[in-house]
Amino acid sequence: MIFLTALPMFWIMIAASRGGHWGAWMPSSISAFEGTCVAIPCRFDFPDELRPAVVHGVWYFNSPYPKNYPPVVFKSRTQVVHESFQGRSRLLGDLGLRNCTLLLSSLSPELRGKYYFRGDLGGYNQYTFSEHSVLDVINTPNIVVPLEVVAGTEVEVLLLHFVPSRENNGHRLGCQAAFPNTTLQFEGYASLDIKYPPVIVEMNSSVEAIEGSHVSLLCGADSNPPPLLTWMRDGAVLQEAVAESLLLELDEVTPGEDGVYACLAENAYGQDNRTVGLSVMYAPWKPTVNGTVVAVEGETVSILCSTQSNPDPILTIFKEKQILATVIYESELQLELPAVTPEDDGEYWCVAENQYGQRATAFNLSVEFAPVILLESHCAAARDTVQCLCVVKSNPEPSVAFELPSRNVTVNETEREFVYSERSGLLLTSILTLRGQAQVPPRVICTSRNLYGTKSLELPFQGAHRLMWAKIGPVGAVVAFAILIAIVCYITQTRRRKNVTESPSFSAGDNPPVLFSSDFRISGAPEKYESERRLGSERRLLGLRGEHPELDLSFSHSDLGKRPTKDSYTLTEELAEYAEIRVK
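Being a predicted model, the structure only gives us computed values, none of them experimental.

**So, the side chain of Ser-430**
Assignment of secondary structure puts Ser-430 in strand E37 (residues 427-435). If sequence neighbours within four positions are ignored, Ser-430 has contacts with Cys-388, Leu-389, Cys-390, Val-400, Phe-402, Val-419, Tyr-420 and Ser-421.

**Considering the environment of Ser-406**
Mapped onto the elements of the fold, Ser-406 is located in the loop between strand E34 (399-404) and strand E35 (409-412). As a C-alpha pair, Ser-406 and Val-444 span 38 residues in sequence and 8.9 Å in three-dimensional space.

**Quick look at the nonpolar core**
Among the nonpolar cores identified, the biggest contains 28 residues, and Phe-44, Trp-59, Leu-104, Tyr-115 and Phe-117 are the most heavily contacted of them. When contributions to this core are tallied by element, the ones reaching two or more residues are strand E2 (29-33), strand E3 (38-40), strand E5 (56-61), strand E6 (72-75), strand E8 (102-104), strand E9 (113-120) and strand E10 (126-138). Aside from chain neighbours lying at most four places away, what touches Tyr-115 is Met-26, Ile-40, Trp-59, Tyr-60, Phe-61, Val-73, Phe-85, Leu-102, Leu-104, His-132, Ser-133 and Leu-135. One finds Met-203, Leu-250, Val-276 and Leu-278 within the second-largest nonpolar core, a separate group that totals 21 residues.

**Section: the pattern of salt bridges**
Working definition: two side chains of opposite charge can pair if their charged atoms are close together. By the definition in use, this model includes 10 salt bridges. The partner of Asp-45 in a salt bridge is Arg-98, and the shortest N-O contact between them spans 2.3 Å. Of the two residues, Asp-45 is situated in strand E4 (residues 43-45) and Arg-98 in the loop between strand E7 (89-91) and E8; the sequence distance between them amounts to 53 residues. Each member of the pair, Asp-45 as well as Arg-98, is classed as buried. In this structure, Lys-319 engages Glu-320 in a salt bridge whose closest nitrogen and oxygen atoms are separated by 3.8 Å.

**Considerations on a nonpolar patch on the surface**
The grouping of Ile-314, Ile-328 and Tyr-329 at the surface amounts to a nonpolar patch, some 320 Å² of accessible area in total. Within the secondary structure layout, Ile-328 lies in strand E28 (residues 322-328).

**What to know about unusual backbone geometry**
The omega torsion across Asn-224 and Pro-225 is 0 degrees, close enough to zero to call that bond cis. Along the polypeptide, Pro-225 turns up in the loop between strand E18 (215-224) and strand E19 (228-233). Along the chain, Asn-395 connects to Pro-396 via a cis peptide bond; the corresponding omega equals 5 degrees. Here Pro-396 shows up in the loop between strand E33 (385-395) and E34. Look at Tyr-329: it is not a glycine, yet its phi comes out positive at around 55 degrees. Note on placement: Tyr-329 falls in the loop between E28 and strand E29 (332-337).

**Structural notes on the state of the cysteines**
Counting across every chain of the model gives five disulfides. The disulfide partner of Cys-42 is Cys-100, and the gap between their sulfur atoms is 1.7 Å. The S-S bond linking Cys-42 to Cys-100 shows a torsion near -70 degrees; that makes this disulfide left-handed. In this pair, Cys-42 is assigned in the loop between E3 and E4 and Cys-100 in the loop between E7 and E8, connecting sequence segments 58 residues apart. For the residue pair Cys-42 and Cys-100, the accessibility class agrees, reading buried in each case. If you count the bonded cysteines of the protein chain from the N-terminus, they pair up as 1-2, 3-4, 5-6, 7-8, 9-10.

**A short note on the sheet that holds E10**
Ordered in space as E2-E10-E9-E5-E6, the five strands form an open sheet in which the pairing is mixed. Either end of the sheet is taken by a strand with one partner, and the two such strands are E2 and E6. The average angle at which neighbouring strand axes cross in this sheet is 25 degrees, direction not considered.

Here is what the cut-offs are and how they apply
- Residues numbered from 1 in each chain as written.
- Predicted model: local features only at pLDDT ≥ 70, side-chain atom pairs only at ≥ 80, totals over all residues.
- Heavy atoms only, no water.
- Helix = DSSP H or I, 4+ residues; strand = E, 2+ residues; numbered from the N terminus.
- Contact = heavy atoms within 4.5 Å.
- Core = buried A, V, L, I, M, F, W, Y, C linked by side-chain atoms within 4.5 Å.
- Buried < 20%, exposed > 50% of the residue type's maximum accessible area, 1.4 Å probe, protein only.
- Salt bridge = Lys/Arg side-chain N within 4 Å of Asp/Glu carboxyl O.
- Patch = residues over 30% accessible without salt bridge, like charges linked within 9 Å, V, L, I, M, F, W, Y side chains within 5 Å.
- Areas by Shrake-Rupley, 256 points an atom, 1.4 Å probe, with all protein chains shown as cover.
- Disulfide = S-S within 2.5 Å.
- Pairing = 2+ DSSP bridges.
- Axes fitted to C-alpha atoms, helices over the stretch in contact; angles between N-to-C directions.

So this is what it looks like as structure tokens:
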């Protein structure tokens, strides 16, 4: 017969280990002589909040799962057991006191195997414990006196063979062999100091934390002797100590601390390691823009906007509140602009956002192109002043020059006395001012150039119908009024002829030719000869016959007041002079 003298120590250990959760305690292995009996010590526990009226239990053979229909060794509810255990199994413990000790008698080799206990508290409160005992039925005594026992390594003492586990550490094992009809008996005792490598039994699962929060990572291991615990990240040691557990504290975590953390537990018999992932959630960083920001008209432009965040952001590129490109849950966004035009020039925004915040970066795309002179460019004259406006769209900034071909003169923007220039964005506005221009305003050509080309335009004069007098000048005004007087004379003489004998050479339906001359003088009383010559000439120009009419011509030169123009392009007020000839 064999028995365990370590039972008092075993019961003390498990009594002190009650923790209010599902658990069972029993020897992992046990040996007994064939034909004898053996007791498998067992104690179990369940959560304190469960208060069953009656506690039942079942012992299974070689399998812990009822669905596999393992042989029933003992069942407290029905007392129905497998035929191999009929009359050979009995419960020694009191299930109400959480004692599940099993007695097996008349041992035979077929009873070798694993024994599992299942607690039944009624309803769904049933639990099969993974802890089990392995029974070895022997017919010769095995006495073990180990010097060092390593978990998982087979131990042999005399004829007793077993493989200890970490759960057997610290137990006392006693063996007594007695022979029938004799007084001979043998006893042996051993205190098991089982060495085993670390096993990490406590570890955080994956951790998510918001940037700036506090994070604690716990690692606990079971081993004999105690392990050296080390927290590491990317091969760097963060913290270490010889202990059963080690806590790593991270204050105000940053995105730089995002990653995988490893806990390493080691002693002389082996090592174990596990990892935990820390994910730091944070708002997008300020986007960066890499790519072409200066391009020539017609080129293809590729702009890359990138950022970093957790989770990945929504990236969007805007121009003047218009979405040009967007991606979802990506850290990069590429904008392609084929054959850029001046309209693509301007400010763009790259915006990155997730549930933790939003950041944006502005960038400018500069499209370089040859000058374009806009149609609003023109000239305007008022009094003795001519002003010319030349509006140029260009990038880079062009040079502007005004050319007066009739005078063989070129004025550029460096001559500040005549030219004023102002730039706004892509537009350059240059104004040429010419004073003392009493004659007909000259032709003005605006020429603009940069490194991509040259553009010229002859500037038109705006409001020509309103600026007529300013353009033709005083001499032109005299000529115009002389023509007007000739017409008036013709009409007057025609009316007089109706009151006298009509000339036979004149017919009412004729339109006599009219010739105009500006050869007249605006002076005092003309000489008689000059007056007669002029009157004769006027008569011939109008095609008159018969007597000479008596014309009293007086000439006057008057200066009219200012006549402001209403043309929107006229830069100054117009002043006009003209001559008037009255016929009396």
